Amino acid sequence: MMRLTYKIMIKAVFFFIMIFFISCRGDIIPLDSDLSSYGWNYYENGEYTEALDWFTDAIKKDSSHFDAYNGVGWTMGELRQADSAIYYFERYLSRYPGDFDNILDFYAGLAFAYNALGEDGEARVYAQNYFFSNQNTEIGDLYWCFCHAYNGDDELHINEIDIRLILAISEYKLGNFKESQTNINSAYTALSSYLLSG
C-alpha cells in the first residue's frame, strides 16, 4: 500500500512540475513571416478579409517585409480594389526596387490590377516590360505561377499564360492587333506544352 501511495505521489509531483514549467513559458510573439503565412492560409481558403488583417499586421510589424505587401496587393485585387492593390505593389517596389524573391508576383499583380482599371497602357508595360523581361528561364521562371490562387477546387493557379492573355487584351484594346495575335499564339503554345508535360 505504501508503495502504491508513493507512486501516486511521484506522479502528482511530476504533473505539478510540468504544469509549472508550461505556465512559466513566455509569450510567443509571431514574426512578420508567421503573420504572412497566416495571411496566405486565409487567402488560399478564400477568406480575403481575414487574410488582409494578417498581411497588414505583418506590414505594421516590419514595413520592409515583401511578402506582406505582396499579400495585401493580391488580396485587394480579390476584394475588387484594384487601385489599392496598385498602391501596395508600387509602394513596396518604390521603396525596395531590384531583384528579390517573388518580384514576378508584384509585376503580375500590377498587370492584372491595371487591366482591371482599364489602364491598358500600364497593364501592357507591367506584363511586357517588367514581367516577361524579368523572367529568367535559366532558373525556372518560365514556369512561374502565383500558387496562392483560390478557386474553390484544387490546383488552378495563375501562371505566365494568364499574364500573356492580359498582355494580349491590352494590346488589342490599344489597337495593336498584330501584337495581340502574337501574344494569343504564344499563350496557346505555352498552354499546349503545359498540357502535354503534365
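Everything discussed here concerns the structure shown above.
Each value, and the rule that gives it
Residues numbered from 1 in each chain as written. Predicted model: local features only at pLDDT ≥ 70, side-chain atom pairs only at ≥ 80, totals over all residues. Heavy atoms only, no water. Helix = DSSP H or I, 4+ residues; strand = E, 2+ residues; numbered from the N terminus. Contact = heavy atoms within 4.5 Å. Areas by Shrake-Rupley, 256 points an atom, 1.4 Å probe, with all protein chains shown as cover. Patch = residues over 30% accessible without salt bridge, like charges linked within 9 Å, V, L, I, M, F, W, Y side chains within 5 Å. Salt bridge = Lys/Arg side-chain N within 4 Å of Asp/Glu carboxyl O. Buried < 20%, exposed > 50% of the residue type's maximum accessible area, 1.4 Å probe, protein only. Core = buried A, V, L, I, M, F, W, Y, C linked by side-chain atoms within 4.5 Å. Lys, Arg positive; Asp, Glu negative; His and termini not counted. Charge placed at Lys NZ, Arg CZ, Asp CG, Glu CD. Expected span 1.5 Å × (residues − 1). Arc of directions from axis to C-beta. Disulfide = S-S within 2.5 Å. Axes fitted to C-alpha atoms, helices over the stretch in contact; angles between N-to-C directions. Parallel < 35°, antiparallel > 145°, perpendicular 65-115°, else oblique. Left-handed = near helix turned anticlockwise from the far one by under 90°. Phe/Tyr/Trp six-rings, centres within 6.5 Å; stacked < 30°, edge-to-face > 60°. Lys NZ or Arg CZ within 6 Å of the ring centre and 35° of its normal.

A few words on the overall build of the chain. What the chain contains, in helices and strands, is nine helices and two strands. Beginning at the N terminus, the succession of helices and strands in the chain can be written as α-α-α-α-α-α-α-β-β-α-α. For the chain, the share of sequence-separated contacts (at least 6 apart) that also reach a separation of at least 24 residues comes to 54%. Of the roughly 12,500 Å² of accessible surface on the chain, a fraction of 56% belongs to carbon and sulfur atoms.

The subject of this paragraph is a nonpolar patch on the surface. On the surface, Leu191, Tyr194 and Leu195 cluster together into a nonpolar patch covering about 310 Å² of accessible area. By secondary structure assignment, the location of Leu191 is in helix H9 (residues 177–197). With relative accessibility at 36%, the residue Leu191 sits in the partly exposed group.

Okay, the nonpolar core next. Counting residues in hydrophobic clusters, the biggest one holds 43 residues, and the most contacted among them are Phe106, Phe131 and Trp144. With nine residues, helix H6 (residues 103–116) is the single largest residue contributor to this core. Other than its neighbours up to four places away in sequence, Phe106 contacts Phe66, Tyr69, Asn70, Phe89, Tyr92, Leu93 and Phe100.

Glancing now at a negative patch on the surface. Taken together, the side chains of Glu47, Glu50, Asp53 and Asp57 define an acidic patch exposed on the protein surface. Take Glu47: it is sitting in the loop between helix H2 (32–44) and helix H3 (48–61).

Turning to H9, a few remarks are in order. End to end, H9 covers 30 Å across 21 residues, agreeing with the expected 30 Å (1.5 Å per residue, within 8%). Residues Ser180, Asn183 and Ala187 constitute the buried set of H9. Along the axis of H9, the buried residues cluster in a sector spanning 65 degrees; they form a single face. Exposed side of H9, more than 90 degrees from the buried face: Lys178, Tyr188, Thr189 and Leu196 are the residues found there.

Summed over the entire model, instances satisfying the criterion amount to one disulfide. At a sulfur-sulfur separation of 1.7 Å, the disulfide partner of Cys145 is Cys147. For Cys145, a relative accessible area of 26% translates into the label partly exposed.

Okay, the packing of helix H4 (residues 66–78) against helix H5 (residues 82–95) next. Put simply, H4 and H5 touch, their axes get as near as 7 Å, and they point 160 degrees apart. Here H4 lies roughly antiparallel to H5, going by the angle between them. Between H4 and H5 lies a crossing whose hand is left-handed. Of H5, the residues touching H4 (which contributes Phe66, Tyr69, Asn70, Val72, Gly73, Trp74, Met76 and Gly77) are Ala82, Ser84, Ala85, Tyr88, Phe89, Arg91, Tyr92 and Arg95.

This part takes up H4. End to end, H4 covers 19 Å across 13 residues, agreeing with the expected 18 Å (1.5 Å per residue, within 8%). Burial analysis of H4 places eleven of its 13 residues in the buried class, the great majority of the element. Among the residues of H4, those classed as buried are Phe66, Asp67, Ala68, Tyr69, Asn70, Gly71, Val72, Gly73, Trp74, Thr75 and Met76. Of the residues trailing H4, Arg80 is marked for its positive phi of about 65 degrees.

Bringing the packing of aromatic side chains into the picture now. In the structure shown here, the tally under the stated rule is 22 aromatic pairs. Taking the centre distance of 6.2 Å and the plane angle of 80 degrees together, the rings of Trp74 and Phe89 count as edge-to-face. Pair noted here: Trp74 is in helix H4 and Phe89 is in helix H5, with a separation of 15 residues, a long-range link. Each member of the pair, Trp74 together with Phe89, is buried. Geometrically, the ring pair formed by Tyr107 and Tyr130 is tilted, given 5.1 Å between the ring centres and 40 degrees between the ring planes. With a gap of 23 residues between them, Tyr107 in helix H6 and Tyr130 in helix H7 (residues 120–134) connect regions that are remote in the sequence. Sitting above the plane of the Phe132 ring, Arg164 keeps its charged end 3.8 Å from the centroid.

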